Amino acid sequence: MAIISSKNSGDPAPEPRPKAARSTARRSAPQPSLLDPSATVEEARIDAARPAEAADRPDDRVRPQRLGDYVGQQDLKDVLTIAIAAARGRQEPLDHLLLYGPPGLGKTTMALILASEMGVACKITTAPALERPRDIAGLVVNLQPGDLLFVDEIHRLPRVTEEILYPAMEDFRLDVTVGKGQTARTRSIPLPKFTLVGATTQVGALSSPLRDRFGLIQRLRFYEPAELTHIITRTAAILHVPITDDGAAEIARRSRGTPRIANRLLRRVRDYAQVKATGPIDGPIASAALELFNVDPRGLDWTDRRLLSAIIEQFSGGPVGLETLAAATGEDSQTIEEVYEPYLMQIGYLQRTPRGRVTTPAAWKHLGYTPPHDQRSILT
């Protein structure tokens, strides 16, 4: 009646609501009768940024899009180039890939590059987000043939969730238990062939059954200063930051061999140059900016130097136990062991001995101390 009245009055008829479109969307949604993942599919599913969206975000534009643009890790690129060409020739998805190494070396970037090279979508998630079995079920049932599923920190997968991945990786099927008690039965749901790319900083924490199901297991190494200089120059061009070769080299020298740190320091130097200097970022400007941010020429920050100074000043260079060192510096023992010590040991400033932590003569000299003559006997 309301529509007829509207016609008679000469007013335009109100537009009908798109009920059909909404009902069609509901009908095309995954049915939760077997898996019941409806409440968690969208929570667990995180799509990789589309190229059109990535162009609007500087952080995504900094990531290389092709394997040829990826700087460093030449051994890894050689292996993946062959794997990509072989998979394309057979018109099959890539074999499952496990990437391990310290954080910030480009594991996520490599996963996105693989998806781009293969011309497939990349779904990104993290292991802590997959707490329940239906979380991982909601992800894999929504994959398209050939899609790449990237799971970061895969060593933190719960055991129940991990076991669901076994048949999914090997036979591309999902085993689901329907019902409870005497009426319970197992159903196998076929899955499209996909590629699982796992990333971890602790490859030893993965269980053997999961680790053995990866066809490719590759380690990412720290970057050389020349490689980091190339990365910084490329990032500066993308961010429209004028920088000289010696400015990029100065930032690279303090970046701990890690591209993520290099790009972060470049942004801080950019801010400093914008406010305190004129012209492009050169060596002196980069050095002054990084000194302001407490990053010394070896990449040590204030906490690193404080840790070494405490061992030298309070414990005569060591040996000192981890808990004692944590109490003396006010830092958590796990943070010292997992965050600060690896790099200090890598550059040869700290050693772990059966008697405790010991600073090396190089650390004494770097901090301006004179190492004792019996330091060698302490290290042994």
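To keep things clear, this report deals only with the structure shown in the data block. Just so it is clear, the structure is predicted and the values come from calculations on it, not from any experiment. (Residues numbered from 1 in each chain as written. Predicted model: local features only at pLDDT ≥ 70, side-chain atom pairs only at ≥ 80, totals over all residues. Heavy atoms only, no water.)

## What to know about the overall build of the protein
Of the regular secondary structure elements, the protein holds 19 helices and nine strands. Counting the 380 residues in the protein, one finds 44% classified as buried. For the protein, the accessible surface area stands at approximately 20300 Å², while carbon and sulfur atoms represent 51% of it. (Helix = DSSP H or I, 4+ residues; strand = E, 2+ residues; numbered from the N terminus. Buried < 20%, exposed > 50% of the residue type's maximum accessible area, 1.4 Å probe, protein only. Areas by Shrake-Rupley, 256 points an atom, 1.4 Å probe, with all protein chains shown as cover.)

## Considering the sheet that holds strand 3 (residues 148-152)
The strands that make up a sheet are held in pairs by hydrogen bonds between backbone atoms, and each pair lies either parallel or antiparallel. Ordered by their spatial adjacency, five strands build an open sheet running 2-3-6-1-7, and the pairing between neighbours is parallel. The open sheet terminates on both sides in strands that have one partner only, identified here as strand 2 (122-126) and strand 7 (216-219). Along the sheet, successive strands turn relative to each other by an average axial angle of 15°, direction set aside. Pairing geometry for strand 2 and strand 3, over five bridges, is parallel. Note that in strand 3 the partner of Lys 123 across the bridge is Leu 149. Lying on the sheet, helix 6 (residues 74-90) is in contact with strand 1 (97-100) and strand 7; it crosses strand 7 at an angle near 155°. (Pairing = 2+ DSSP bridges. Axes fitted to C-alpha atoms, helices over the stretch in contact; angles between N-to-C directions. Contact = heavy atoms within 4.5 Å.)

## Description of the packing of helix 15 (residues 302-315) against helix 16 (residues 322-329)
Contact pair helix 15 / helix 16: the axes reach a minimum separation of 10 Å and the direction vectors enclose 105°. As the angle between them shows, helix 15 and helix 16 are arranged roughly perpendicular. Of the residues in helix 16, those in contact with Arg 306, Leu 307, Ala 310, Ile 311, Gln 314 and Phe 315 of helix 15 are Thr 324, Leu 325, Ala 328 and Thr 329. A breakdown of the residues in the contact of helix 15 with helix 16 according to their chemical character gives six nonpolar, three polar and one charged. (Parallel < 35°, antiparallel > 145°, perpendicular 65-115°, else oblique. Nonpolar A, V, L, I, M, F, W, Y, C, P; charged D, E, K, R; others polar.)

## Quick look at the nonpolar core
Membership of the largest hydrophobic core comes to 51 residues, with the highest contact counts inside it found for Leu 80, Leu 148, Phe 150, Ile 232, Ile 243, Ile 251 and Ile 281. Broken down by element, the residue count for this core peaks at seven residues, all from helix 13 (residues 259-276). If we skip the residues at most four places from it in the chain, Phe 150 touches Lys 107, Thr 108, Ala 111, Cys 122, Lys 123, Ile 124, Thr 125, Val 197 and Ala 199. Counting 27 residues, the second largest nonpolar core, distinct from the first, contains Leu 130, Leu 139, Leu 149 and Leu 196. (Core = buried A, V, L, I, M, F, W, Y, C linked by side-chain atoms within 4.5 Å.)

## Things to note about helix 9 (residues 159-170)
Relative to the 16 Å expected for 12 residues at 1.5 Å per residue, helix 9 spans 17 Å between its end C-alpha atoms, a close match to the ideal helical length. Looking at helix 9, one finds that the buried residues are Thr 161, Glu 162, Ile 164, Leu 165, Tyr 166, Pro 167, Ala 168 and Met 169. (Expected span 1.5 Å × (residues − 1).)

## Re the packing of helix 16 against helix 17 (residues 333-346)
At their nearest, the axes of helix 16 and helix 17 sit 9 Å apart, and the two run at 95° to each other. As summarised for this structure, helix 16 and helix 17 are arranged roughly perpendicular, according to the angle between their axes. Counted together, Leu 322, Glu 323, Leu 325, Ala 326 and Thr 329 of helix 16 and Ser 333, Ile 336, Glu 337 and Glu 341 of helix 17 form the full contact between these two elements. Class assignment of the residues belonging to the contact of helix 16 with helix 17 gives a composition of four nonpolar, two polar and three charged.

## A look at the pattern of salt bridges
Summed over the entire model, instances satisfying the criterion amount to 17 salt bridges. The closest approach of N and O atoms between Arg 254 and Glu 250, which form a salt bridge, is 2.7 Å. Judged by its relative accessible area of 2%, Arg 254 falls in the buried class. The class for Glu 250 is buried, based on a relative accessible area of 11%. (Salt bridge = Lys/Arg side-chain N within 4 Å of Asp/Glu carboxyl O.)

## Section: the pairing of strand 7
By the alternation rule, side chains of strand 7 split into Leu 216 and Gln 218, which are all buried, and Ile 217 and Arg 219, of which none is buried. Of the pairings in the sheet, the one linking strand 1 to strand 7 comprises four bridges and is parallel in character. Opposite Leu 98, over in strand 7, you have Ile 217 as the bridge partner.

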